[in-house]
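Structure at a glance
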Amino acid sequence: MAAAWEEIRRLAADFQRAQFAEVAHRLSERNCIEIVTKLIAEKQLEVVHTLDGKEYVTPAQISKEIRDELHVCGGRVNIVDLQQVINVDLLHIENRANDIVKSEKGIQLVLGQLINESYLDQLAEEVNDKLQETGQVTISELCKTYDLPGDFLIQALSRRLGRIIHGQLDQENRGVIFTEAFVSRHRARIRGLFTAITRPTPVSNLITRYGFQEHLLYSLLEELVNAGRLKGTVVGGRQDKAVFVPDIYSRTQNKWVDSFFKQNGYLEFDALYRLGIPDPAGYIKKRYKSAQLLFLRAACVGQEIVDQVEASVEEAITSGSWIDVATLLPSSLSVEDVGILLQQVMRSLNKSSSSLVFGDTIAVSEKFLSSCAELFSDLMQQKAEKEIKNNPVNLISEEDLKQASCLENSYANKKDKKDERRKKATEGSGSVRGGGGGNAREIKIKKTKKKGRKDADSDDESQGTATGRNKKLEFTFMSQEEIEDVLKTRLQDCPEELITEIAEHLRRPLTKTYQEVVRSVFTSSASSSGANRRQAMKDLQEEFSNLYNNIRLFEKGAKHFTADDTLAKHLLKTLCADITNLVFNFLASESMMTTENYSTITSEGRIKILGKLPEDTKGPLTKLHTSLNGKSIEDFLSCLDSAVDICGIMVKKGDKKKERQVLFQHRQALIEQLKVTEDPALVLHLTSVLLFQFSTHCMLHAPGRSVPQIINFLSGKIPEDQHSLIVKYHGLVVKQLTSQTKKTEHGDSDTKDNMEEEEGAESIRKELQEITTSIKDLVLRPRKSSVTEE
């Protein structure tokens, strides 16, 4: 033993000498750094630089220092704070902290903080002290106090309940820990408070007023009610609307509800609300499980009331009358509820096809509605006959017109088949019996199938035209107010609301029936009016042919004035406008529009008629209307031919003999007018036109402003003395018209200038009177041969 100690002392002396001995060879700091770096690169040495770069620290040393610091800080330390203490990069600290958490179960990493079990035990002791003091502790408060997440605290504290913490966690609300004494204290308060309640009381009000913990209160209240310690029920569950109803109040409430339902046969939801029942429908269903009840919007009714309503409605339907169900039911039921009840009764009776519901509460049988409609039968017949007589064009549809045409044709065929065949032959050949010459031909242009043609092309064309024009009109029989007035006089026992709804219901059926009555009246009168319509068509074609031939003749006269289009425009504005209006008026009648005197139709009127015509007719008629604003008679006549081709109007062109008759009649009419007139301007106008006709054998339709052009044209066509006389007369007429215009503008006055003007006008008038007879004699006396005739 002594030898051993001697050996130890010797070794210690050698070690001391070695420590104090001077080294002959030292490594520089740079060489040491390079050697350590080389070892680290070859992974033979694992060390970490400190933040200042002066030291190397091993991972094991970092782990040791972390544990030491955790112990020094009482079991909870922030990783960021460890960086300042250990003096290495935060990444190395986090890595070593994660390794420590994985290797040691007693240490946890929470929100960047290392926490060990000793700290949690200390926290649990602090929580227990606070719990024993206050009776309850909320996790939310602990989260704010200890800056830890709630789930972590619940998990950590739950493991220490009963061991360190003497309390329990609320199972309904896991955010609260309370003691048994706290629960017992609350149970006693709840038992005393709810025992004293004698009427329905909202639980939320009690929680607010007495500061109960909500989930704990519901749990204890449910426990006390189920155990029978509290006599009552909680209605509405664990909600804000939950109400505690004591048994004493429930018994009184049930007694009142049963008594009211037995006496009246119904229950109002509002009344149950006032009794403190928050869910009336659910209460009634639970209370009367076996009873047959009909639930409405704001009430429920028993089977007795339903049976009473069913019997009354069935009786009204059977007897052909009406009944207001609201009079059979309590006045407290709303109109909406009465309507729901009535609809349910109608479905159960299966009477929806034989009755209707008006005003939500009135059941009306179809028999009663039919009797109301029959009240208007005589009025319909009288009004239909009156309308047909006064204005049939507004009343008859295209379909009715075709039916009437068929009747008329049938009647005409039976009456005179020979004339019909002859007429068809004439139309088909387009010729005229007798010697009419080359121009004496009668043109038939696309007549409709009234004439009985059987070829397929004509039938298809006529059918297409009829389809295009079939714009069926709807004829109003009476307004709703008028129908109400009639019903009020006949149904004096009906309420005004019912009469209004019956009138609204009957308006469309009555209008439809009235249309059928009108068609029936028209069809019955169509055969009797057929002759008048044929005569009207004949007159129309005669008038059209006369206007057409006159336009042709006037066009020949206007061609002598090729340099001036005034005469053509005047002809377009007058006779051409008249024949256009005649065509438009005819189409308006065919399309069932109101007809009028064609001479009064304006340009706006033609545009309105165009808007109501079918598309196949509108195109040619639009071109015809537009051509009136042009300058060419030929263009107008071309458009007119296209228009009459659509309308089916026969145009009988005149022959030479007919033209001579027209020329003679026109000349004689002008001569007769010239004989009786004394107006110098009109005398000049008539004389000029007559001289033009004598010279050219052409009619002329000219306005007053064209007289100078006519006089210039007559130069060389009549003797020089006659031309000079008429030129002189024209100058005097112009002077007279000028003086009359000035007199009108300045008015009557006695100034010297006006006196001179009056004297000049008087001299002009006298001179005109002297020459007027000579001017008339140019036409009225036997004529000398004109220059052109010679």
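Our structure is the block above this text.
Model, not experiment: these values are computed from the prediction.

1. What about the sheet that holds strand E15 (residues 322–324)?
Read from one edge of the open sheet, three strands run E15-E17-E16, paired in antiparallel fashion. Bordering the open sheet on either side are E15 and strand E16 (355–358), each of which pairs with just one other strand. Strand-to-strand twist of the sheet, defined as the mean angle between neighbouring strand axes without regard to direction, takes the value 15 degrees. For E16 and strand E17 (residues 362–365), the ladder comprises four bridges, and the chain directions are antiparallel.

2. What to know about the sheet that holds strand E7 (residues 168–169)
The antiparallel open sheet is built from three strands, whose spatial order is E6-E8-E7. Two strands in the sheet have a free side with no partner beyond their single neighbour: strand E6 (136–138) and E7. Sheet analysis places E7 next to strand E8 (residues 176–178), joined by two bridges and oriented antiparallel. Within the sheet, the bridge partner assigned to Leu169 lies in E8 and is Ile177. Along the sheet, helix H6 (residues 117–134) makes contact with E6 and E8, crossing E6 at roughly 125 degrees. Helix-sheet contacts for helix H7 (residues 139–146) involve E6 and E8, and the interaxial angle to E6 is about 65 degrees.

3. Some words on helix H10 (residues 203–210)
Here H10 has its buried residues at Val203, Leu206 and Ile207. Seen along its axis, H10 keeps its buried residues to an arc of 100 degrees; they face one direction. Looking at H10, the residues exposed on the side facing more than 90 degrees away from the buried face are Thr208 and Arg209. In this fold, the buried residues of H10 make contact with helix H9 (180–195), strand E9 (201–202), helix H11 (214–226) and strand E11 (243–246). Just downstream of H10, Gly211 is the residue with a positive phi angle, here 70 degrees.

4. A few points about a negative patch on the surface
A contiguous patch of negative charge, built from Glu125, Glu126, Asp129 and Glu133, is present on the exposed surface. With respect to the element layout, Glu133 can be found in helix H6. By relative accessible area, which is 68% here, Glu133 ends up exposed.

5. A short note on unusual backbone geometry
Of note in this structure, Leu111 is not a glycine but carries a positive phi near 50 degrees. Tracing the sequence through the fold places Leu111 in the loop between strand E4 (107–110) and strand E5 (113–116). Judged by its relative accessible area of 62%, Leu111 is exposed. Located in the positive-phi region is Asp147, a residue other than glycine, with phi close to 55 degrees. Relative to the helices and strands, Asp147 resides in the loop between H7 and helix H8 (150–158).

6. Comments concerning the pairing of E4
Looking at chain direction, E4 and E5 are connected through four bridges and run antiparallel. Its bridge partner lying in E5, Gln108 is registered against Ile115. Count of turn residues in the E4/E5 antiparallel hairpin: two residues, of which Leu111 carries a positive phi of about 50 degrees.

7. Section: the nonpolar core
Counting residues in hydrophobic clusters, the biggest one holds 37 residues, and the most contacted among them are Phe544, Ile551, Leu621, Phe636 and Leu640. Ranked by the residues each element gives to this core, the list is headed by helix H25 (residues 566–590), at 12 residues. In this structure, Leu684, Leu686, Leu690 and Leu778 belong to the second largest nonpolar core, which totals 33 residues.

8. Regarding the packing of H6 against H8
Where H6 meets H8, the closest approach of the two axes is 10 Å, and the angle between their N-to-C directions is 85 degrees. One element, H6, and the other, H8, form an angle in the roughly perpendicular class. From H6, Leu120, Leu123, Ala124 and Val127 reach across to H8, where they touch Phe152, Leu153, Ala156 and Leu157. Its residues assigned to classes, the contact of H6 with H8 shows eight nonpolar, no polar and no charged.

Conventions adopted
Residues numbered from 1 in each chain as written. Predicted model: local features only at pLDDT ≥ 70, side-chain atom pairs only at ≥ 80, totals over all residues. Heavy atoms only, no water. Pairing = 2+ DSSP bridges. Helix = DSSP H or I, 4+ residues; strand = E, 2+ residues; numbered from the N terminus. Axes fitted to C-alpha atoms, helices over the stretch in contact; angles between N-to-C directions. Contact = heavy atoms within 4.5 Å. Buried < 20%, exposed > 50% of the residue type's maximum accessible area, 1.4 Å probe, protein only. Arc of directions from axis to C-beta. Patch = residues over 30% accessible without salt bridge, like charges linked within 9 Å, V, L, I, M, F, W, Y side chains within 5 Å. Areas by Shrake-Rupley, 256 points an atom, 1.4 Å probe, with all protein chains shown as cover. Salt bridge = Lys/Arg side-chain N within 4 Å of Asp/Glu carboxyl O. Lys, Arg positive; Asp, Glu negative; His and termini not counted. Charge placed at Lys NZ, Arg CZ, Asp CG, Glu CD. Core = buried A, V, L, I, M, F, W, Y, C linked by side-chain atoms within 4.5 Å. Parallel < 35°, antiparallel > 145°, perpendicular 65-115°, else oblique. Nonpolar A, V, L, I, M, F, W, Y, C, P; charged D, E, K, R; others polar.

That's the geometry; what it means functionally is another story.
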